[in-house]
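For reference, the chains in residue letters:
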Amino acid sequence: MPSFRAPRGTRDLLPEVRSGLSRLEAIARSLAGRYGYREMETPLFEQTSVFERGIGEATDVVEKELFRLAPRSEESEAWALRPEATAGVVRAYVQHGLQTWPQPVKLTVLGSMFRYDRPQAGRYRQFWQFDAEAIGDPGPAVDAEIVELGYRFYVEAGLSDVQVLLNSIGDAACRPAYLEKLRAYFGRHEAQLPDLEQRRLETNPLRLLDSKDPAMGALVAAAPRISDSLCDACAVHFAAVQAHLRAMGVPFRLEPTLVRGLDYYTRTAFEYYRHGAEGQQQALGGGGRYDGLVELLGGRATPGIGFALGLDRVLLALEGAEGSPGQAVPPLAVVVGADPGDTAARLRVASLLRAEGLWARAELAPRKLARQLEAASKEHAHFAVIIGDELAGGNVQLKDLEAGTQHLVPLADLAHELARAAKSHHHG
Ligand code: HAM
């Protein structure tokens, strides 16, 4: 016998976990609505060049982690599963002319992303993000607003110990000089650099700062910091973001080594961590400003900022926390019958109740009535609807399994009576 398993780095979300994820999605949707964000979808795959251009070719996400789809024919384009949502959202912003809408355009995407990474705790090959983007506002107030939105998500999800790590990584005016400093610094230590980092010293020296190679730790810690090289405009912007965050009471910590793993960022960069859990692969979420991305993907120069929160990691953090979501909800009523073989009558009555919006299960096992009632009690159903000879006269017995009482109810009134009971008992 073959033994089939979910692909490495993926998980089946069994109902308990799925309902935990649904709860997070509901919080995200509710919050996004309150902050004026509207939900949209992009395809799960895009032309590979959307990611190569948008995220940057010399990044881990594109160079090592992109799920590339094999072309189906010679003329078909190269596609890849989306590793994140921002590049696709901005591609859609340009494609559909969203720059003609009132700015900023505030959008969210909730869904799966794919990265061909080495799987480990909290790092999956398919994972879920709550992504939010505000396109068309140069900030700094909107920067603080979006950082606060992410922070509030964790609070409402039940994580009270999340803090914001904040940095500014400069812009086209001040970054080039900083990159030269970085090149010179790492160049002096070239012999110590792993292969990939040696290559990136030429192509993309900023990436050395978020290298996942443990050999890089000490070198990175002593590297020149972008915060010491900001131009005046970036420094003023960064100070204003901090002032706005303080005004809103969002706890944050300046983290001058924070550079993020994607190339499109300018100025504000941030990540969310739980207190005391600030290592690699432990970021609960992150984001930043990307003032060059719209132009890079073919639109006219437009500023933007956004974040993505990793919902799998939030679920992991909540695991074991009290009130863990996802208990199966017992049916309001189980439809049972005196004639074990008459499953059709039981299904018909259950279907009638479901059509009225009630949670009812029909007993489909052809067993004795006493056994059927036992099963209904075991699953904590509130009522049993008993079908017997009375059905000929249009009636059924309604047994309250909690109170132990029973009375005759016309079939025509059954849904109404159950609905009333459901309301007063907060069922369904
Ligand atoms: P990111 O930092 O690459 O940013 O991912 C955001 C979050 O997604 C991470 O902090 C983490 O919680 C979660 N995440 C990333 N990779 C994995 C994985 N393999 N398994 C589980 N969780 C993961 C972005 O994706 C940017 N698009 C954020 C953004 C939006 N910037 C501007 N707008």
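About the cut-offs
- The numbers attached to residues start from 1 for each chain and follow its sequence in the written order.
- This being a predicted model, a pLDDT of at least 70 is required before a residue's local features are given, and a value of 80 or more before pairs of side-chain atoms are given or counted; all residues contribute to the totals for chains, interfaces and linings.
- Based on all heavy atoms of the structure, the side-chain values leave hydrogens and waters out of the count.
- The numbering of helices and of strands both runs from the N terminus, where a helix is a DSSP run of H or I of at least 4 residues and a strand a run of E of at least 2.
- Relative accessibility decides the category of a residue: with a 1.4 Å probe and only protein chains considered, values under 20% of the type maximum give buried, values over 50% give exposed, and everything between is partly exposed.
- Throughout, a contact is declared for two residues whenever any of their heavy atoms are within 4.5 Å.
- Any pair of N or O atoms that falls within 3.5 Å is considered a polar contact. Within protein, one atom must be able to donate a hydrogen and the other to accept it, and sequence-neighbouring residues count only if both atoms are side-chain atoms.
- Here a strand pair is declared whenever DSSP counts at least two bridges between the two strands.
- The term salt bridge refers to a side-chain nitrogen of Lys or Arg lying within 4 Å of a carboxyl oxygen of Asp or Glu.
- Each nonpolar core is a collection of buried residues, namely Ala, Val, Leu, Ile, Met, Phe, Trp, Tyr and Cys, held together in the definition by side-chain atoms within 4.5 Å.
- One heavy atom within 4 Å of a molecule or strand makes the whole residue count as near it.
- Under the convention used here, a 1.4 Å probe and the Shrake-Rupley method define accessible areas, while residue burial counts only the protein chains that appear.
- Throughout this entry, Asp, Glu, Lys and Arg are counted as charged residues, while Ala, Val, Leu, Ile, Met, Phe, Trp, Tyr, Cys and Pro are counted as nonpolar. The remaining residues, Gly among them, count as polar.
- Any residue with an atom within 4 Å of a point lines the site, the site being either a cavity, points on a 1 Å grid over the protein atoms alone where a 1.4 Å probe fits but cannot get out, or a pocket, an open set with protein on both sides within 12 Å along at least 5 of 7 lines.
- Grid points are joined across faces, edges and corners, and a volume is the space filled by probe spheres set on the points.
- Only C-alpha atoms enter the line fits that serve as axes; for helices the fit covers just the stretch in contact. Angles between N-to-C directions range over 0 to 180 degrees.

**Here's the deal with the environment of Asn 167**
For Asn 167, the position within the fold is in strand β7 (residues 162–168). Taking relative accessible area as the criterion, Asn 167 reaches 2% and is therefore assigned buried. Note: C-alpha distance between Asn 167 and Phe 270 (103 residues apart in sequence) is 6.2 Å. Filtering out sequence-adjacent residues up to four positions away, Asn 167 remains in contact with Ile 226, Ser 227, Phe 238, Glu 255, Pro 256, Thr 257, Leu 258, Arg 267, Thr 268 and Ala 269. Within the structure, Asn 167 has its side chain in polar contact with the backbone oxygen of Glu 255 (distance 3.5 Å). Within polar-contact distance, the side chain of Asn 167 engages the backbone oxygen of Leu 258 at 2.8 Å.

**Here's the deal with the pairing of strand β16 (residues 405–410)**
One ladder, built from six bridges, connects strand β15 (residues 395–400) with β16; its direction is antiparallel. In the strand pairing of β16, Asp 400 is matched with Thr 405. The antiparallel hairpin formed by β15 and β16 contains four residues in its connecting segment, where Gly 404 sits at a positive phi of about 75°.

**Let's talk about the pattern of salt bridges**
Pairs can form between side chains of opposite charge once their charged atoms are near each other. Scanning all chains against the criterion turns up 26 salt bridges. For Arg 207, the salt bridge goes to Asp 210, with nearest N and O atoms at 2.9 Å. With relative accessibility at 3%, the residue Arg 207 sits in the buried group. For Glu 363, the salt bridge is made with Arg 367, and the minimal N-O distance between the two is 3.2 Å.

**Some points on the nonpolar core**
Judged by nonpolar contacts, the single largest core of 93 residues is most densely connected at Phe 153, Phe 186 and Tyr 272. Among residues more than four places away in sequence, those in contact with Phe 186 are Leu 193, Leu 201, Leu 208, Leu 209, Met 216, Leu 219, Val 220 and Ala 223. Core analysis: the second largest hydrophobic core is formed by 22 residues, Ala 333, Val 335, Val 349 and Leu 411 among them.

**Comments concerning the environment of Ala 308**
Tracing the chain through its elements places Ala 308 in strand β11 (residues 304–310). For the pair Ala 308 and Arg 361, spaced 53 residues apart in sequence, the C-alpha separation works out to 40 Å.

**Description of the site of the ligand**
With respect to spatial proximity, 26 residues lie near the ligand, and among them Glu 84, Thr 86, Tyr 124, Tyr 265 and Ala 283 are the closest. Tyr 265 has a polar side-chain atom sitting 2.6 Å from a nitrogen atom of the ligand. Note that an oxygen atom of the ligand is positioned 3.5 Å from one of the backbone N or O atoms of Gly 310. Contact with the protein chains hides 95% of the accessible area of the ligand, taken as 670 Å² for the molecule alone. When residues of the shell around the ligand are traced back to their parent elements, those giving at least two are β6 (126–135), β10 (285–289) and β11. Looking at the shell around the ligand residue by residue, the class counts come to ten nonpolar, nine polar and seven charged.

**Some words on empty space enclosed by the protein**
Regions of empty space are outlined by a rolling probe, equal in size to a water molecule, passed over the atoms. Inspection of every chain in the model, using the stated rule, returns one cavity of 30 Å³ or more. One number sums up the size of the largest cavity: a volume of about 50 Å³. Surrounding the largest cavity, Tyr 178, Leu 209, Val 220, Ala 223, Pro 224, Arg 225, Ile 226, Pro 256 and Thr 257 form its lining.

**A few points about the side chain of Asp 117**
By secondary structure assignment, the location of Asp 117 is in the loop between β5 (105–114) and β6. Residue classification places Asp 117 among the buried positions, given a relative accessible area of 12%.

**Some words on the sheet that holds β7**
Pairing within the open sheet is mixed, and its eight strands lie in the order β1-β5-β6-β11-β10-β9-β7-β8. Since the sheet does not close on itself, it has two edges, and those belong to β1 (38–39) and β8 (252–254), each with one partner. The pairing of strand β9 (residues 266–274) with β10 spans five bridges and is antiparallel. Paired with Thr 266 across the bridge in β10 is Arg 289. Relative to the sheet, helix α4 (residues 86–95) contacts β5 and β6, its axis offset from that of β6 by approximately 40°.

**Points about the layout of surface pockets**
What the second largest pocket holds in volume is close to 380 Å³. Considering the residues around the second largest pocket, the lining is formed by 20 residues, among which Arg 175, Asp 263, Tyr 264, Tyr 265 and Thr 266 are closest to the centre. For the lining of the second largest pocket, the secondary structure elements donating two or more residues are α2 (48–55), α6 (175–188) and α10 (293–296). Ranked by residue count, the leading element in the lining of the second largest pocket is α6, at three residues. When its residues are assigned to classes, the lining of the second largest pocket shows nine nonpolar, six polar and five charged.

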